[in-house]
Amino acid sequence: GPGFVAQWATPGLVPAIIKTADGAPKPFADEQSAEFAALQQVAYALNNRRRLGVAHVNTPMNPNDFAADLAGLNITLAEFASLYGVKPERVVGWINGERDVPHAARVMLGLLAMPGNLDKAREISMDARVN
């Protein structure tokens, strides 16, 4: 029929079409509306992967493991948030299981656990504040 359909996908997934409640492709009046709807769906999927059952390239880190690793580093969630570059509320969301722990945060925890890296990260962070 007339109009446009919106197709979207996240990395590693088969593309999908936005559908109506009855399962038919949802028509959009113009290309921009379809593109915007697809972008909204991608953003929603990326922010809600666990609830949508979206496959992961990297298995999400368990919130309890994240909290334990953070405690093992002997730093506060606020300091980790500062080093990682997000607001503390975001880290609280990871610990509470409201959001998936990003793979990069998991990698950063591992790197910070290596001898000397936490001190180096603090030094780099302090230099960034001064300059």
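Criteria and cut-off values
- Residue numbers restart at each chain and count upward from 1, following the sequence in its written direction.
- Where local features are concerned, this predicted model is filtered to residues with pLDDT of at least 70; where side-chain atom pairs are given and counted, the filter is 80 or more; whole-chain, interface and lining totals use all residues.
- With hydrogens and water stripped out, all remaining heavy atoms of the structure feed into the side-chain values.
- Helix and strand definitions here come from DSSP, where helices need a minimum of 4 consecutive H or I residues and strands a minimum of 2 consecutive E residues; each element is numbered from the N-terminal end.
- Partly exposed residues are those whose accessible area sits between 20% and 50% of the maximum for their type, while under 20% is buried and over 50% is exposed, using a 1.4 Å probe and protein chains only.
- The salt bridge criterion pairs a side-chain nitrogen of Lys or Arg with a carboxyl oxygen of Asp or Glu, the two atoms within 4 Å.
- Simply put, an axis is a line fit to the C-alpha atoms, just over the touching stretch for a helix, and the angle between two N-to-C directions goes from 0 to 180 degrees.
- Should an angle fall under 35 degrees it is taken as roughly parallel, and over 145 as roughly antiparallel, whereas 65 to 115 is taken as roughly perpendicular and any remaining angle as oblique.
- We call a crossing left-handed when the near helix sits turned anticlockwise from the far one by less than a right angle, and right-handed when that turn is clockwise.
- A contact between two residues is defined here by any heavy atoms of the two lying within 4.5 Å.

### Quick look at the environment of H103
Following the sequence through the fold, H103 ends up in helix α6 (residues 103-112). Given a relative accessible area of 39%, H103 falls into the partly exposed group. Distance from H103 to M61, taken between C-alpha atoms, is 7.6 Å for residues 42 residues apart in sequence.

### Things to note about the pattern of salt bridges
Within the structure shown, the criterion is met by three salt bridges. The shortest N-O distance in the salt bridge between R122 and E79 comes to 2.5 Å. Within this pair, whereas R122 is found in helix α7 (residues 117-130), its partner E79 is found in helix α4 (residues 77-84), the two being separated by 43 residues in sequence. Look at R122 and you get partly exposed, because its relative accessible area is 31%. Across the pair E123 and K120 runs a salt bridge, and its minimum N-O distance is 3.3 Å. Of this pair, E123 and K120 both sit in helix α7, three residues apart, which is roughly one turn of that helix. Owing to a relative accessible area of 42%, K120 belongs among the partly exposed residues under this scheme. Several salt bridges converge on common partners, so that one network encompasses E79, D119 and R122.

### A look at the packing of α4 against helix α5 (residues 88-95)
Across the interface, α4 lies against α5 with an axial gap of 8 Å and an inter-helix angle of 115 degrees. For the element pair α4 / α5, the angle class is roughly perpendicular. When the axes of α4 and α5 are compared, the crossing they make is right-handed. Contacts between α4 and α5 pair L77, A78, F80, A81 and Y84 from the former with P88, V91, V92, W94 and I95 from the latter.

### Some details on the packing of helix α3 (residues 63-73) against α5
Running from N to C, α3 and α5 point in directions that differ by 125 degrees, and their axes come no closer than 8 Å. Comparing their axes, α5 and α3 come out oblique. Residue-level inspection shows P63, F66, A67 and L70 of α3 in contact with α5, the latter providing V91, W94 and I95.

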